[in-house]
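# Fold and geometry: a report
Here is how the chains run, residue by residue.
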Amino acid sequence: MKYLYLLLNIGSISVPFLYSFHPKLKFYKLWKHLVIAIAVTLLLFIPWDILFTHYGFWGFNEQYLIGITLFKLPLEEWLFFICIPYACIFMHYSLLYYFPNWGYSAKQTSIINKFLILILAIGVIANYDKWYTLINFLYAIALIIIVSKTHFKLLQKFYVTFIIMLIPFVIVNGILTGSGIN
């Protein structure tokens with residue numbers, strides 16, 4: 001199916017985009033800030049993707065792509081870094097809007113932080129020879145520590161959203177990484 005990756009991108013953004021105009025949410029009013037955030041994401045992760053694709057850490061199955069590339073990355077990969085952040089931020093914003101008091105306590109958040117850092121540290125040790133995994137796990141540890149010190153209250157709410165986001169993430173990423181397809 002030549003359009004699978006493109007369809008996953010369109011499917012991921014379509015509902016959040018349409019609901020961006022909901023009269024209560026008015027998410028479209030935040031687009032200026034969102035465009036900046038997504039641009040920063042593109043500036044960080046597109047070079048990352050180009051580098052890791054070049055060195056063979058991962059690749060893309062031509063069978064599921066439309067065939068348009070830029071810097072040896074398929075168009076669908078570029079769109080991924082627009083569609084998925086948009087969908088994730090929209091989901092987080094919507095959950096905060098409808099459930100403003102949702103969140104973990106400070107104690108629960110601290111436990112989650114410690115647990116995640118422990119699991120990631122074990123991952124670092126177990127994968128010291130795998131560059132992609134090593135870099136990502138180290139980055140995640142640093143990010144958790146920094147955000148814990150600078151925006152702890154954000155984490156209290158984000159962890160709830162993150163657990164909910166894991167459901168569509170596992171489905172979409174599972175398909176993209178070959179789970180259930182050839």
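Quick summary incoming for the structure in this document. The model shown is predicted, which means the values in this text are computed figures rather than measured ones. (Residues numbered from 1 in each chain as written. Predicted model: local features only at pLDDT ≥ 70, side-chain atom pairs only at ≥ 80, totals over all residues. Heavy atoms only, no water.)

### Describing the overall build of the chain
Here is the rule: Every helix listed is a DSSP run of H or I at least four residues long, and every strand listed is a run of E at least two residues long, numbered separately from the N terminus. The quantity called the radius of gyration is restricted to C-alpha atoms. Its globule counterpart is 2.2 Å times the number of residues to the power 0.38. Buried residues are those whose accessible area, probed at 1.4 Å on protein chains only, stays under 20% of the maximum for their type, while exposed residues exceed 50% and partly exposed ones sit between those limits. Contacts: residue pairs with any heavy atoms within 4.5 Å of one another. Residue burial considers only the protein chains on display, and all accessible areas are found by Shrake-Rupley using a 1.4 Å probe.
Looking only at helices and strands, the chain has 6 helices and 2 strands in total. For the chain, the α and β elements follow one another from N to C terminus as α-α-β-β-α-α-α-α. The C-alpha atoms of the chain give 18 Å as radius of gyration, which agrees with the globular expectation for 182 residues (16 Å, within 12%). The C-alpha extent of the chain, read off along each of the three principal axes, is 50 × 45 × 30 Å. Across the 182 residues in the chain, those meeting the buried criterion constitute 30%. For the chain, the share of sequence-separated contacts (at least 6 apart) that also reach a separation of at least 24 residues comes to 70%. When the accessible surface of the chain is totalled, it reaches about 11800 Å², and 74% of it is carbon and sulfur.

### Describing the packing of helix 4 (residues 106–126) against helix 6 (residues 152–176)
Formally: For helices, the fitted axis covers only the stretch in contact; all axes are lines through C-alpha atoms, and the angles between them, taken along N-to-C directions, range from 0 to 180 degrees. Comment on the angle field: the value is read as roughly parallel under 35 degrees, roughly antiparallel over 145, roughly perpendicular from 65 to 115, and oblique elsewhere. Residues were grouped as follows: Ala, Val, Leu, Ile, Met, Phe, Trp, Tyr, Cys and Pro as nonpolar; Asp, Glu, Lys and Arg as charged; and all remaining residues, including Gly, as polar.
The geometry of helix 4 relative to helix 6 is characterised by a closest axis approach of 10 Å and an angle of 80° between their N-to-C directions. On the basis of the axis angle, helix 4 is roughly perpendicular to helix 6. Facing Ala106, Thr109, Ser110, Ile112, Asn113 and Leu116 of helix 4, the residues of helix 6 in contact are Phe152, Leu155, Gln156 and Tyr159. Split into classes, the residues belonging to the contact of helix 4 with helix 6 amount to 6 nonpolar, 4 polar and no charged.

### What to know about a nonpolar patch on the surface
Note the cut-off: In this analysis, a patch consists of residues with relative accessible area above 30% that form no salt bridge, clustered at 9 Å for like charges and at 5 Å for the nonpolar side chains Val, Leu, Ile, Met, Phe, Trp and Tyr. Within this document, salt bridges are pairs made up of a side-chain nitrogen of Lys or Arg and a carboxyl oxygen of Asp or Glu, the two lying within 4 Å of each other.
A cluster of nonpolar residues, Val15, Phe17, Leu18, Tyr19, Phe21 and Tyr28, forms a patch on the protein surface that exposes about 590 Å² of accessible area. With respect to the helices, strands and loops of the structure, Phe17 is situated in helix 1 (residues 4–19).

### Overview of helix 2 (residues 31–54)
Put simply, the rule is: Here, expected helix span is obtained from the residue count minus one, scaled by 1.5 Å.
When the terminal C-alpha atoms of helix 2 are compared, their 33 Å separation across 24 residues agrees well with the 34 Å that a helix rising 1.5 Å per residue should span. All of the buried residues along helix 2 are Leu34, Ile38, Thr41, Ile46, Asp49, Phe52 and Thr53. Just beyond helix 2, the residue with positive phi is Gly56, at close to 80°.

### So, the packing of helix 5 (residues 131–150) against helix 6
Angle between the axes and distance between the axes: these two values describe a pair of packed helices. It is at 5 Å that the axes of helix 5 and helix 6 come closest, and there the two elements cross at 120°. Of the possible angle classes, the one that applies to helix 5 and helix 6 is oblique. Between helix 5 and helix 6, the residues in contact are Ile144, Val147, Ser148 and Thr150 and Phe152, Leu154, Leu155 and Tyr159, respectively. Of the residues contributing to the contact of helix 5 with helix 6, the split by class is 6 nonpolar, 2 polar and no charged.

### Some words on the state of the cysteines
The following threshold applies: By convention in this document, the label disulfide applies to cysteine sulfur atom pairs within 2.5 Å.
Inspection of every chain in the model, using the stated rule, returns 0 disulfides. Note on Cys83: no disulfide assigned, nearest cysteine sulfur contributed by Cys88 at a separation of 11 Å. Among the residues examined, Cys83 registers a relative accessible area of 7% and is labelled buried.

### Some thoughts on helix 6
Working note: α-helix, 3.6 residues per turn, so residues spaced by three or four point in the same direction. Condition: A residue's bend is the angle separating two fitted axes: one through the seven residues that end there, the other through the seven that start there.
At Leu166, helix 6 is bent by approximately 35°, the largest bend along its length, and proline Pro168 sits one to four residues beyond. Among the residues of helix 6, those classed as buried are Leu155, Gln156, Tyr159, Val160, Thr161, Met165, Val172 and Gly174.

### Let's talk about unusual backbone geometry
Positive phi outside glycine occurs at Lys26, with the angle close to 50°. Looking at where Lys26 falls in the secondary structure, it is placed in the loop between helix 1 and helix 2. Positive phi, normally seen in glycine, also occurs at Phe71, with a value near 55°. Inspection of the secondary structure puts Phe71 in the loop between strand 1 (69–70) and strand 2 (73–74). For Phe71, a relative accessible area of 59% gives the class exposed.

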